[in-house]
Amino acid sequence: MTRGRAQDPTVCGVTAAIAVIDGKWKTALLWLLESGPRRPGELRRELPGLSEKVLTQALREMETDGLVHREVHDVLPLKTVYSLTAFGRELSEALAPLSDWGYRRLEKLAESQSAS
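Not measured: the values here are computed from a predicted model. (Residues numbered from 1 in each chain as written. Predicted model: local features only at pLDDT ≥ 70, side-chain atom pairs only at ≥ 80, totals over all residues. Heavy atoms only, no water.)

**Q** Quick rundown of the packing of helix H2 (residues 26–34) against helix H4 (residues 52–64)? Include the residues and the values.
**A** At a minimum axis separation of 10 Å, H2 and H4 run at an interaxial angle of 75 degrees. The pairing of H2 with H4 is recorded here as roughly perpendicular in orientation. Seen from H2, the contacting residues are Lys26, Leu29 and Leu30; seen from H4, they are Leu55, Ala58, Leu59, Glu61 and Met62. For the contact of H2 with H4, a count of residues per class yields six nonpolar, no polar and two charged. (Axes fitted to C-alpha atoms, helices over the stretch in contact; angles between N-to-C directions. Helix = DSSP H or I, 4+ residues; strand = E, 2+ residues; numbered from the N terminus. Parallel < 35°, antiparallel > 145°, perpendicular 65-115°, else oblique. Contact = heavy atoms within 4.5 Å. Nonpolar A, V, L, I, M, F, W, Y, C, P; charged D, E, K, R; others polar.)

Structural data, given as structure tokens:
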């Protein structure tokens, strides 16, 4: 899905929402930021396999989409902190039922695999 679909007024709302969280890391970043502000290094440590380049790109896109706030503290070395905006928290709350459904699906898969 292209980033442009997130801003296309002719697509359905679900498509526009998925376009904003599309990608391997954005939902995990939303989940981590729900518990409070984090520095980029903290986010990388909590998500093994996430490169600095991809983290930076995902956070910039999320900032552009109004989901996260980036605060740079003028100290040496520079300290950058990311937090969810009210809009980002709203999206996180909207995704909660989908997350619950996903866990139920995983339980069903586990049950069917153990029955085999």
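Next comes the rest of the description.
**Q** Can you tell me about helix H1 (residues 13–21), naming the residues and giving the values?
**A** All of the buried residues along H1 are Thr15, Ala16, Ala19, Val20 and Ile21. Check the buried side of H1 and you find it contacts H2 and helix H5 (86–115). Looking at the residues trailing H1, positive phi occurs at Gly23, about 120 degrees. (Buried < 20%, exposed > 50% of the residue type's maximum accessible area, 1.4 Å probe, protein only.)

**Q** Quick one: what's the story with a nonpolar patch on the surface, residue by residue and with numbers?
**A** Nonpolar side chains collect at one region of the surface, where Tyr103, Leu106 and Leu109 lie side by side and expose about 300 Å² of accessible area between them. Positionally, Leu109 belongs in helix H5. Exposure remark for Leu109: the relative accessible area of 34% places this residue in the partly exposed category. (Patch = residues over 30% accessible without salt bridge, like charges linked within 9 Å, V, L, I, M, F, W, Y side chains within 5 Å. Areas by Shrake-Rupley, 256 points an atom, 1.4 Å probe, with all protein chains shown as cover. Salt bridge = Lys/Arg side-chain N within 4 Å of Asp/Glu carboxyl O.)

**Q** Please set out the nonpolar core residue by residue, giving values where relevant.
**A** If you look at the biggest cluster of nonpolar residues, it comprises 21 residues, and the most contacted ones within it are Leu29, Leu30, Leu43, Leu47 and Leu91. For this core, the secondary structure elements donating two or more residues are H1, H2, H4, strand E2 (79–84) and H5. If you tally residues by element for this core, the top one is H2, at five residues. (Core = buried A, V, L, I, M, F, W, Y, C linked by side-chain atoms within 4.5 Å.)

**Q** Report on the pattern of salt bridges, specifying residues and quantitative values.
**A** Following the criterion strictly, the structure yields three salt bridges and no others. A salt bridge links Glu46 to Arg38, with the shortest nitrogen-to-oxygen separation between them at 2.9 Å. Among the residues examined, Glu46 registers a relative accessible area of 38% and is labelled partly exposed. Of the residues examined, Arg38 reaches a relative accessible area of 13% and is grouped as buried.

**Q** How would you explain the pairing of strand E1 (residues 68–73) if you had to name every residue and give the values?
**A** The side chains of a regular strand alternate, first on one face of the sheet and then on the other. Sheet topology places E1 next to E2; six bridges connect them, and they run antiparallel. Across the sheet, the residue bridging to Val68 is Leu84, located in E2. Remark: five residues form the turn of the hairpin made by E1 and E2, two consecutive strands paired antiparallel. (Pairing = 2+ DSSP bridges.)

**Q** Could you give me a rundown of unusual backbone geometry, with the residues and numbers involved?
**A** Peptide bonds are trans in most cases, and residues, glycine excluded, mostly fall at negative phi. With omega at -10 degrees, the peptide bond leading from Leu76 into Pro77 counts as cis. Along the chain, Pro77 falls in the loop between E1 and E2.

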